[in-house]
Amino acid sequence: MALRDDIEQVALATNDCKSNTDVYFTRLASYITVLASRKGFFAQLLARTVLLDASRSLTLVMYSDEVVPGNVLAPDNQRKSFLVYASFKEFNEWLSLAEAWLPVTVLRTKTLDVILGGLSAVMRALIAFLQDQFCLTSGIAFAVDNITYLLHVQKEFLFLKDEAAMKRMLGVKGAQGMKPCFKCKNVLYALANSQARDPYFTTVAEHRAQRFDPNTDADVEVVMQHLQTQKEILNNKQFEELQTLSGFKLVEQGLLSDPVSRATVKLNNCLYDPMHVYLSSGLLNVELKLFFDRLAKTTALSWSDFEKMACASWTVSSCIGGSSASERKNAARGRLMQKTDHYKGSASDLLTLLPLLLFFLHHIVRPAHGHLINETSSLLALVLAIRLVYGAKRTMTLDSAKLLMHQQEHLLYFCKAYGADVCRPKHHFQFHIGQQFEQHGLLLDCFTCERKNAEFKNSVAPHIKRLSGFEASALRSLLQRQLVHDSDAVSHLTSGFCGQTQPSVELASKLGVPGVVLGTSLHIERARVGLGCLRIFVASRRAFLVTAVLFSQETYYLVGDLFSLVSEELDFSYSFWAVETTSLIVPAKDAIATGLHMLFLTYLVFPVAVSVICLLL
Ligand SMILES: [Zn+2]
């Protein structure tokens, strides 16, 4: 099928109600069959996922965000666009790869501004279009390696966006309303005098999660129907007040204005993004600035001391989640905290700093500066909550009770340190993250798609000179590029050496097996492991530091040293370890699975002395 046929042109009404404007959607079902015919990454991943349970329907996840080409000094507002990508929830940990997400639409903000109902109307049309594409009773057939699979997709999709985009999609009042959280009925910015005596209402500074009264889909139905009837009765001012009180807006042509669309968009399927809540103009960005300002004002310590500590010599795992010395230096540079009311680094910079922050707070600030107990406890609890959330992204498990404990402790101490009136809606939104994990069984965030947005920003948008036809050209370009990436990404599904290798006669004779090849690292499916990689097994309180990889008799093995934990730390951010056994050899597939600790003692080979103190991420 020609790629040209994979885009649908859809006409939407404009604000003046006199004309239409065209938007372009990927015919996702056809595009998936194109991907399947090329036997690339997406089709193989989809085939595996469908194979796991052929009777199960998959859940489509839609991500969208606004992307501004150009740079901070010269943003290209003419090409500023909303991008939507889609994938399937059941891909689980594979969702962290950009190739698992398919481009669905590109829409210039200027075009969006003239569409009646704005983003909400576009999403309504897009959801209906995709439902038509996928929800065929017989499913979508695609073939990989001569086997035909049937893809069934659920009628209800998941939605992942930052708060601003979610607000625009749903037509909720958000920052302009009294109720900043569309998932709760009784959480307000601040209590008016009349509400102060009513125990039902609470604010974004509330840490007792049992106080929150959740909005249900039935509640939204009642609110929307009420707004629809009152619109006819009230004058503009009164109606505006009613919308502010309810937290919802009546958007003409919008998603929630239509009973059919309302029935398929469930509140529980609209997800708060942990990255935006915590790390991207998030709670940690703001609190870091508050904390270090207070530290500098009341002690001899400041951000430059933290910067020096971050740039010191640490031993860090080279696995996913590890950081290099230059990344730590970059994330801690002083400029990110100057002339600003929040830390200006990226979400990745903040993740790099987390273990260092724990060390700094726990060992340097807390023992010497008791007067900052509230500030230190607040920041410590926040960092621990974020580490738990981002650990869940890798392990696919989350201790929700522990997360709630850290979140409550954080908010309690934050209010004591800085005052309840400094709390923002994000202080409340974080309480929904554990709930979302329990409902959907995985942690979804915007990291991957934000990375993917760079392609539109840097390689697609600047090269399309004409604005007429920009959206269709940009979408086609993204789809074409996706095909190229899709072929390259097949390597994620296989195992193999990275870098140089050499045969080792000595090892072959020690192991008593023929044909041993030695290397420094390899990729096993989506994981890359090799020299310097460290895996920690919390249950057995042991760690495995990889020193080499080897291949023999059709199997990859990791060579490494086993360490046991000798410190009692808050968590495994940084910890002190002693060598227990050296030069173990374990099958690589077992080593990347959880539960490796069971295998350690089985594979002892020969001893080499190593010692290490690790900063673990
Ligand atoms: Zn809420």
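Quick caveat, the model's predicted, so the values are computed rather than measured.

Quick word on the environment of Arg 481
- By the element assignment, Arg 481 lies in helix 20 (residues 470-488).
- In sequence terms Arg 481 and Val 460 are 21 residues apart; their C-alpha atoms lie 9.5 Å from each other.
- Look past the residues within four positions of Arg 481 in its chain and what remains in contact with it is Glu 455, Ser 459 and Val 460.
- One polar contact links Arg 481 to Glu 455, side chain to side chain, over a distance of 3.1 Å.

Remarks on the nonpolar core
- In terms of nonpolar packing, the biggest core is built from 162 residues, with Phe 88, Phe 134 and Leu 151 touching the most fellow members.
- Top contributing element to this core by residue count: helix 14 (residues 347-368), with eleven residues.
- If we ignore the near neighbours within four places in the chain, the residues touching Phe 88 are Ile 32, Phe 42, Leu 46, Leu 58, Thr 59, Leu 60, Val 61, Leu 95, Phe 134, Leu 151 and Val 153.
- Counting residues in each nonpolar core, the second largest holds 13 residues, with Val 529, Cys 533, Leu 562 and Ala 588 among its members.

Regarding the sheet that holds strand 5 (residues 102-108)
- Strands sit in the order 5-4-3-8-11 across an open sheet of five strands; the sheet is mixed. Single-partner strands in this sheet number two, and they are strand 5 and strand 11 (270-271).
- Contacting strand 3 (60-67), strand 4 (81-88), strand 5 and strand 8 (158-161), helix 4 (residues 118-134) crosses the sheet at an angle of about 150° to strand 3.
- Sheet strands touched by helix 20: strand 4 and strand 5. Its angle to strand 5, the strand with the most contacts, is close to 160°.

A few points about the pairing of strand 17 (residues 555-565)
- With eight of eleven residues buried, strand 17 is to be regarded as a mostly interior element.
- Pairing geometry for strand 16 (residues 542-552) and strand 17, over ten bridges, is antiparallel. Within strand 17, the position partnered with Phe 551 by the bridge is Tyr 556.
- Here strand 16 folds back onto strand 17, and the loop between the two strands holds two residues, one of which, Gln 553, carries a positive phi near 50°.

Regarding the state of the cysteines
- Under the criterion given, the structure shown has zero disulfides.
- Between Cys 423, a free cysteine, and Cys 415, which holds the nearest cysteine sulfur, the sulfur-to-sulfur gap is 3.7 Å.

Regarding the confidence of the model for the chain
- Across the chain, the average pLDDT comes to 85, with 89% of residues at 70 or higher.
- Note on residues 594-617: pLDDT is under 50 here. Beyond four places in sequence and across chains, it has 71 contacts.

As for the coordination of the zinc ion
- The protein atoms donating to the zinc ion are Cys 181 (SG), Cys 184 (SG), His 428 (NE2) and His 432 (NE2), with metal-donor distances spanning 2.0 to 2.3 Å.
- Considering all four donor atoms around the zinc ion, angles at the metal cover 102 to 126° and the coordination shape is tetrahedral.
- Within one chain, the residues donating to the zinc ion are spaced in sequence as C-x2-C-x243-H-x3-H.
- Given a relative accessible area of 0%, His 428 falls into the buried group.

Cut-offs applied
- Residues numbered from 1 in each chain as written.
- Predicted model: local features only at pLDDT ≥ 70, side-chain atom pairs only at ≥ 80, totals over all residues.
- Heavy atoms only, no water.
- Helix = DSSP H or I, 4+ residues; strand = E, 2+ residues; numbered from the N terminus.
- Contact = heavy atoms within 4.5 Å.
- Polar contact = N/O pair within 3.5 Å; in protein donor to acceptor, adjacent residues only side chain to side chain.
- Core = buried A, V, L, I, M, F, W, Y, C linked by side-chain atoms within 4.5 Å.
- Buried < 20%, exposed > 50% of the residue type's maximum accessible area, 1.4 Å probe, protein only.
- Pairing = 2+ DSSP bridges.
- Axes fitted to C-alpha atoms, helices over the stretch in contact; angles between N-to-C directions.
- Disulfide = S-S within 2.5 Å.
- pLDDT = per-residue confidence, 0-100.
- Donors = N, O, S within 2.8 Å, 3.2 Å for Na, K, Ca; no water.
- Tetrahedral: all angles 85-135°; square planar, octahedral: opposite > 155°, others 65-115°.

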